[in-house]
Amino acid sequence: MPILPKKKSKKQQAADARRKRRDAEPKKAATFFETSQIVSAGIFLLIAVAIVVICFLGQSPAGPPVTPGQTAKVRIVADFPFSYESKLETERVRQQRRQRVVARGRYVEEPYQQFADSIAKLDSAIETELMPELVSLPKSEWEPVIDQFTATYGAETGFYISDDDIAILLEKTTPAERSSLLREGSLALRDVMRDGVYEEPGASQAAMEGSLVTTMVVLGLRSENLQTEQEAARLLNINLAGLGDDLSLSRALYRIFRKGVQPNVVYDSEATEKIKDQAAASVDPVTVSFQQGQVIVEPGNTITPEQVEAVAAYRKRLNESAEIVWGFNATLVQRSLMTVVLMICGILFMQTVFSIHGRSNRRFGLIATVLLVNLILLRLIQQLGETPLFGGNATLLALLSFAAPVALGAIMMAILVGPRPAALMAITVSALHSLMWGGSVDVFLTSLLGGMVAILYARDVRLRGKLMRAGLMSGLAVALIAAFMGFLNELAPVTVGQQVLTAIFSGVLTAVVVIGLLPLLEQLFKYTTDITLLELTDFNHPLLRKLQMDAPGTYHHSLMVANLAERAANEIGANPLLCRATSLFHDIGKMVKPEYFTENQHEGYNPHDELTPAMSALIIKSHVKEGVDMAKQNKLPEVFIDIIRQHHGTTLIKYFYSKACNRQQQTVLPLQSGISNPPFDTREDVDESTFRYEGPKPQTLEAAVIFFADAVEAASRSLKKVTPQSVEELVDSIFSARLDDGQLDEAPMTVAQIRKVRDSFCFTLLNMLHSRVQYPKDESGKKKRGQSAAPVPMNDPASDAPNPSNKRTAV
């Protein structure tokens, strides 16, 4: 098979040049926006500014905010010495001063006076009420009378005295001694109570009154003599022991007067708080200093409130010291430069990965849009840490970095463009995400792992369920890192479990978001994913069902072209699913006038017999324009429209062109009687452009494959005998003619790929057009039925074997 095209005549070259200018005029604006370096530079500047605004504007040079209880992600070191007034340390010193303040109290006479009055009343009641009743009774009958007396006395005074103590007092003393002992006891109680008795604070009182100390300042009393109720009771016991020699009498007196030992010093909360406030107000603000190189926050440790205050002060000083002429700080400028460098590296990577035919501003815009969407979501997740809901909850803050959808851009690029641009997206997003978190290496590696795992499972995704699997596996990868880092930093198991679940949920949610955004991006940037292509290969699509009904021959031809193109595309690294899907729709324009195409004609009737060759060629060519219109009306992807336009290129409709030339020759020859050969080429009077498709020529690998597959499949139906030699000769002739005509001048197909496509077509055609083995004649059946036996195909009787009475003409 000749591969290199033959040299064209000057006239053919001039015609091709005119056709290229005609085809290029409508596409001039589109080509400018698609390939212009000015547009590329504009997109580059816009995306650089957008990244800086999204990722770094409003962020502190010291990194993201930190919150008490949060696990530190990065190390923050003081780049210069600084000092600040610490509110937390000042408040701590003030609390210490308040605790050192001695409590204030008030001395009250009422407790002692009430008890002294009850003792005087007891002495009088014994003398006037109890003794007269006991005089006439024997001692054995005193108990009920004394019991009645103490009950009545207790109800009246509120002080209940034991019957035994009253009995001992009556037995051991005379009336005069009894009155003297009660008076002496009251005086001893007065001496004890005069130094002040306070109640020891219990747990509830201490919580209510603050830290109430066991000493207090009482107006009019010596603070060093203050005593508790127990201490006062012991002193009273000692004083009463000297009033008599009888031990039982002394104990009875103590039990009686012990009830009079009651707190007579009341805590004065108002006065105490006033003194505490004065002590706290006298404390000067505490200044905290950090030296250059001193660590403020250590990664992996739980952040304390003091560290939060130190970081805030450091950021403030850093912002003040980093200001430059235009109001920006040095850190923002530094990160802007890093962003530009990162984008330049990405551009160089794209220039290396994509061939000259694959470079386009549309792809650049798609990558930029996906990148910005991913970064916006990452920044929104980070900003949640400054909201009241998350800012005051250490548990939620610990989950934020694992809730970020780091794999969103990688998954979308893997589906829309390919794995290599997706890897670039994963690296870029991870680097910018790390810078947003203060340059944390942990954040970078975690994000990069999640993105790469997502790319691994998102390659060649054709079903949305597999897309969900990609998100889940990405989340599991991040969850594994979360578990490892959590146990390494000795976090609580509950916190580690929450981080793991958050990472998994984020991965699944990322896949859901991708599913929702894909149709929008496909429509906006005219991209078609394998998911959409697979959906369009469904034979129940309205256009395919209509094609099957209105033009069954064209429908069958499209199926065969799809089989040829799919296998050939797989051989040269093109998109086989794209070839199959577009092949099914490439001839839908024939539904407008199906009877004018050979594969749809029946019973030997050909409407072209009644038309001039030029009109026939016009009808044949019109199926391309009709197909484009139908594709637009049914909202087929842009790539389908391009394939429909390019599947014939600018080839010549040879059958009708030759027919026109023959008619012209038949008209000219009678005028040249006696001359065996006309003195001029009769084809000069036939306008070749009338018989050529409008094009354009194939622009992509997939378009070139379908371009050849369409011609080969149509021509193969005219083969009288199918053999390897005849098939190869047919394919070689078609390839040679198309190459000689320059139909691949604009397609990125190499010579090696052309050979692979040619070999694939030969192999597929031989299998599609294989001969059929027939059953032997059934002689016994013939004798029984009296009928002649006919050969029957070994396979399905409803075979689609070629009908010799209706041979196709390749047009």
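Criteria and cut-off values
Residues numbered from 1 in each chain as written. Predicted model: local features only at pLDDT ≥ 70, side-chain atom pairs only at ≥ 80, totals over all residues. Heavy atoms only, no water. Helix = DSSP H or I, 4+ residues; strand = E, 2+ residues; numbered from the N terminus. Buried < 20%, exposed > 50% of the residue type's maximum accessible area, 1.4 Å probe, protein only. Contact = heavy atoms within 4.5 Å. Areas by Shrake-Rupley, 256 points an atom, 1.4 Å probe, with all protein chains shown as cover. Axes fitted to C-alpha atoms, helices over the stretch in contact; angles between N-to-C directions. Parallel < 35°, antiparallel > 145°, perpendicular 65-115°, else oblique. Nonpolar A, V, L, I, M, F, W, Y, C, P; charged D, E, K, R; others polar. Phe/Tyr/Trp six-rings, centres within 6.5 Å; stacked < 30°, edge-to-face > 60°. Left-handed = near helix turned anticlockwise from the far one by under 90°. pLDDT = per-residue confidence, 0-100. Polar contact = N/O pair within 3.5 Å; in protein donor to acceptor, adjacent residues only side chain to side chain. Expected span 1.5 Å × (residues − 1). Arc of directions from axis to C-beta. Salt bridge = Lys/Arg side-chain N within 4 Å of Asp/Glu carboxyl O.

Student: For this particular structure, what's the right way to read the overall build of the protein?
Tutor: Counting secondary structure elements, the protein contains 33 helices and nine strands. Classification of the 811 residues of the protein by burial places 45% in the buried group. Across the protein, every contact between residues at least 6 apart in sequence was considered, and the portion connecting residues at least 24 apart equals 79%. Entry remark: accessible area of the protein is about 42200 Å², with carbon and sulfur atoms responsible for 57%.

Student: Explanation requested: the packing of helix α24 (residues 542-550) against helix α25 (residues 552-572) in the structure shown.
Tutor: Angle between the axes and distance between the axes are the two parameters that describe a pair of packed helices. Direction vectors running N to C along α24 and α25 enclose 125°, while the axes themselves pass 5 Å from each other. Judged by the angle between their axes, α24 and α25 are oblique. On α25, the residues that touch Leu-544, Leu-547, Gln-548, Met-549 and Asp-550 of α24 are Pro-552, Thr-554, Tyr-555 and Ser-558. Across the contact of α24 with α25, the residue classes tally to five nonpolar, three polar and one charged.

Student: Would you take a moment to explain the packing of aromatic side chains for this structure?
Tutor: The description of two aromatic rings rests on the distance between their centres and on the angle between their planes. The tally for this structure, following the rule as stated, stands at 14 aromatic pairs. With a centroid separation of 5.5 Å and 40° between ring planes, the pair formed by Phe-80 and Tyr-314 is classed as tilted. Of this pair, Phe-80 sits in the loop between β1 (76-77) and β2 (82-86) while Tyr-314 sits in helix α13 (residues 305-321); the two residues are 234 residues apart in sequence, bridging distant segments of the chain. The pair formed by Phe-80 and Tyr-314 is uniform in burial state, with each residue classed as buried. Grouped by ring-pair contacts, the aromatic residues Phe-80, Phe-82, Tyr-84, Phe-290 and Tyr-314 constitute a single cluster.

Student: Got a minute to help me understand the packing of helix α20 (residues 441-458) against helix α21 (residues 464-488) in this structure?
Tutor: Viewed as axis vectors pointing N to C, α20 and α21 meet at an angle of 155°, and their least axial separation amounts to 8 Å. Classed by the angle they form, the pair α20 and α21 counts as roughly antiparallel. As α20 runs across α21, the sense of the crossing is right-handed. Residues Asp-442, Thr-446, Leu-449, Gly-450, Val-453, Ala-454, Tyr-457 and Ala-458 of α20 form the contact with α21, whose own contacting residues are Lys-466, Arg-469, Ala-470, Met-473, Ser-474, Ala-477, Val-478, Ile-481 and Met-485. Of the residues contributing to the contact of α20 with α21, the split by class is 11 nonpolar, three polar and three charged.

Student: Explain the side chain of Glu-702 here, please?
Tutor: As for its position among the elements, Glu-702 is in helix α30 (residues 701-716). Ignoring anything within four residues of it in the chain, the contact list for Glu-702 reads Ala-574, Asn-575, Leu-578, Cys-579 and Ile-643.

Student: Looking at this structure, I do not really get the confidence of the model for the protein. What am I missing?
Tutor: A low pLDDT score tells you not to read the predicted coordinates there in detail. Mean pLDDT over the protein: 81, with 80% of residues reaching 70 or higher. Across residues 1-6, confidence stays below pLDDT 50; counting only partners more than four residues off in sequence or on other chains, it has 15 contacts. This model gives residues 671-683 a pLDDT under 50, and the stretch forms 10 contacts once residues within four places in sequence are excluded.

Student: Which parts of the structure should I look at to understand the side chain of Asp-741?
Tutor: By the secondary structure assignment, Asp-741 is in the loop between α31 (724-740) and α32 (751-768). Looking at Asp-741, the relative accessible area reads 15%, which means it is buried. In terms of polar contacts, Asp-741 uses its side chain to reach the side chain of Arg-692, at 2.9 Å.

Student: What am I meant to see in unusual backbone geometry here?
Tutor: For residues that are not glycine, phi is negative in most cases, and the peptide bond is trans in most cases. Following Gly-695, the chain continues into Pro-696 via a peptide bond in cis, with omega recorded as 10°. Inspection of the secondary structure assignment puts Pro-696 in the loop between α29 (654-668) and α30. With a phi close to 60°, Lys-526 is a non-glycine residue in the positive phi region. Structurally, Lys-526 can be placed in the loop between α22 (493-525) and α23 (530-536). The backbone of Lys-635 shows a phi angle near 55°, a positive value even though the residue is not glycine. Structurally, the position occupied by Lys-635 is in the loop between α27 (613-633) and α28 (638-646).

Student: Explanation requested: helix α10 (residues 229-241) in the structure shown.
Tutor: Residues lying three or four places apart along an α-helix face the same way, a consequence of the helix completing one turn every 3.6 residues. Over its 13 residues, α10 runs 18 Å from end to end, which matches the ideal 18 Å to within 8%, given 1.5 Å per residue. Turning to α10, its buried residues number three or more, namely Ala-232, Ala-233, Leu-236 and Leu-240. For α10, the angular spread of buried residues about the axis comes to 100°, placing them on one side. Seen from the buried face of α10, the exposed residues on the opposite side, beyond 90 degrees, are Arg-234 and Ile-238.

Student: Before we go on, may I ask you to explain the pattern of salt bridges in this structure?
Tutor: Note on pairing: side chains with opposite charge can pair once their charged atoms come close. Throughout the structure, instances matching the rule amount to 23 salt bridges. Lys-546 serves as the salt-bridge partner of Asp-550, at 2.9 Å between the closest nitrogen and oxygen. In this pair, Asp-550 and Lys-546 are both assigned in helix α24, four residues apart and thus about one turn of the helix distant. Classification of Asp-550 as partly exposed rests on a relative accessible area of 33%. Note that Asp-745 and Lys-697 form a salt bridge whose closest N and O atoms lie 4.0 Å from each other. You can see Asp-745 sitting in the loop between α31 and α32 and its partner Lys-697 sitting in the loop between α29 and α30, a full 48 residues away along the chain. Judged by its relative accessible area of 4%, Lys-697 is buried. Via salt bridges that share partners, Glu-728, Asp-732, Arg-758 and Asp-759 belong to a single interconnected network.

Student: I'm lost on the environment of Lys-625 in this one. Help?
Tutor: Assignment of secondary structure puts Lys-625 in helix α27. By relative accessible area, which is 56% here, Lys-625 ends up exposed. As for Lys-625 and Glu-694, which are separated by 69 residues in sequence, their C-alpha atoms are 9.2 Å apart.

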